[in-house]
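# Chain and residue survey
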Amino acid sequence: MTEAAQRRPGGRSARVRAAVHRAVAELVAAEPAEPLTVPVVAARAGVHPTTVYRRWGSVAQLLADVATSRFSGNVVVPDTGTLDGDLERWMADVATDLADPDVLALMRATIGSGPDGGCACAADRHEQLAAIIGRERARGGAVPDVERAVDMLLGPLYYRAVFSSRPASGDWARGLVAALLADCGARPGGA
């Protein structure tokens, strides 16, 4: 039997996944946080721990799955017609998302769960940033290297969200975009 045949898109499998994801989100957002273990998650989700172990294997893999699901597609890639406009709007949306206390709790738990935790929290953001830069490249504009943009935009944004109590303001985010564009020789407004 193929892997696709073993995974059912709906039914019990989808209900279990949704219940376990919801349980993880509730547990990491709880004050004070209950220790996150497979038996605790399973009890909260109303499933047997064996179901969770069989599907995810460990708390780290479970957190990575929840984070990947949570951070995929919830921020729309804008198309304002200019690189600076796209980046400013996108940065504001990402900053707003990262200011949510439940999002921060999930990020911190996932990052702390193992070496792949950070990737689960930021992979979709890398893809979005690459799409914005790729679209500007197709328009013929000067663009930064994607990894340089990640370092100059997402690095400070995620650092401030995870390790600082200072929220990222719109002016602060616009300053990051301006510094990136100056670094790559692009001018605001696509001029």
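In this convention, every chain numbers its residues from 1, walking through the sequence in written order. Only residues with pLDDT of at least 70 get local features here, since the model is predicted, and only at 80 or more are side-chain atom pairs given and counted; chain-wide, interface and lining totals rely on the full set of residues. To get the side-chain values, all heavy atoms of the structure are used, and hydrogens and water are removed first.

## Considering a positive patch on the surface
- Only residues above 30% relative accessible area that lack a salt bridge enter a patch, with like-charged residues linked at up to 9 Å and the nonpolar side chains Val, Leu, Ile, Met, Phe, Trp and Tyr linked at up to 5 Å. Each accessible area is a Shrake-Rupley result for a 1.4 Å probe, and residues are judged covered by the shown protein chains and nothing else. What makes a salt bridge here is a side-chain nitrogen of Lys or Arg within 4 Å of a carboxyl oxygen of Asp or Glu, nothing more. For this count, His and the chain ends are skipped, Lys and Arg are scored as positive, and Asp and Glu as negative. For the purpose of locating charges, the reference atoms are NZ of Lys, CZ of Arg, CG of Asp and CD of Glu. Side chains of R12, R15, R54 and R55 sit close together on the surface and give a patch of like positive charge.
- Contributions of two or more residues to the positive patch are made by α2 (11-29) and α4 (49-56).
- Tracing the chain through its elements places R12 in helix α2. Numbering of helices and strands starts at the N terminus; helices are DSSP runs of H or I of at least 4 residues and strands are runs of E of at least 2.

## Re the packing of helix α6 (residues 83-98) against helix α10 (residues 170-184)
- Lines fitted to C-alpha atoms define the axes, with helix axes restricted to the stretch in contact, and inter-axis angles between N-to-C directions lie between 0 and 180 degrees. Running from amino to carboxyl end, α6 crosses α10 at an angle of 145°, the nearest separation of the two axes being 9 Å. Regarding α6 and α10, the two cross each other, and that crossing is right-handed. Seen from α6, the contacting residues are L83, D84, L87, E88 and M91; seen from α10, they are A173, R174, L176, V177, L180 and L181.
- By the convention adopted, Pro, Cys, Tyr, Trp, Phe, Met, Ile, Leu, Val and Ala count as nonpolar, Lys, Arg, Asp and Glu as charged, and the other residues, Gly among them, as polar. For the contact of α6 with α10, the class distribution of residues is eight nonpolar, no polar and three charged. By definition, turning the near helix anticlockwise from the far helix through less than a right angle yields a left-handed crossing, and turning it clockwise yields a right-handed one. Pairs of residues are marked as contacts when any of their non-hydrogen atoms sit within 4.5 Å.

## Some thoughts on the pattern of salt bridges
- By the definition in use, this model includes 12 salt bridges.
- A salt bridge links D171 to R174; its shortest N-O distance comes to 2.5 Å. With D171 and R174 both in helix α10 and three residues apart, the pair spans about one turn of that helix.
- With a 1.4 Å probe rolled over the protein chains alone, any residue whose accessible area is under 20% of its type maximum counts as buried; one over 50% counts as exposed, and the rest are partly exposed. Relative accessible area serves as the criterion here: at 58%, D171 is assigned to the exposed category.

## Structural notes on the environment of A43
- In this structure, A43 sits in helix α3 (residues 38-45).
- For A43, a relative accessible area of 63% corresponds to the exposed category.

## Examining α10
- A helix is expected to span 1.5 Å multiplied by its residue count minus one. For α10, built from 15 residues, the straight-helix expectation of 21 Å at 1.5 Å per residue is met to within 8% by its first-to-last C-alpha distance of 21 Å.
- Looking only at α10, the buried set comprises A173, L176, V177, L180 and L181. Considered in projection along α10, the buried side chains sweep an arc of 130° and stay on one side of the axis. Within α10, the exposed residues directed more than 90 degrees away from the buried face are D171 and A182.
- For α10, the elements touching its buried residues are α6 and α9 (146-163).
- Just beyond α10, the residue with positive phi is G185, at close to 85°. Picture the helix axis, draw a direction to every C-beta atom, and the arc is the one those directions span.

## Some points on the nonpolar core
- Remark: nonpolar core denotes a set of buried residues (Ala, Val, Leu, Ile, Met, Phe, Trp, Tyr, Cys) joined through side-chain atoms within 4.5 Å. Core analysis: the largest hydrophobic core is formed by 53 residues, its most contacted members being V20, L87 and L129.
- The biggest single contributor to this core is α9, with nine residues.
- Not counting the four nearest positions on each side in its chain, L87 is found in contact with L129, I132, L153, V177, L180 and L181.

## Looking at the environment of A123
- Turning to its location among the elements, A123 is positioned in helix α8 (residues 117-139).
- Using a relative accessible area of 37% as the deciding quantity, one classes A123 as partly exposed.
- In this structure the C-alpha to C-alpha distance between A123 and S72, which are 51 residues apart in sequence, comes to 8.3 Å.

## Structural notes on α2
- Between its first and last C-alpha, α2 extends 27 Å over 19 residues, near the 27 Å set by a 1.5 Å rise per residue.
- Turning to α2, the residues buried within the fold contact α3, α4, α5 (59-70) and α7 (101-112).

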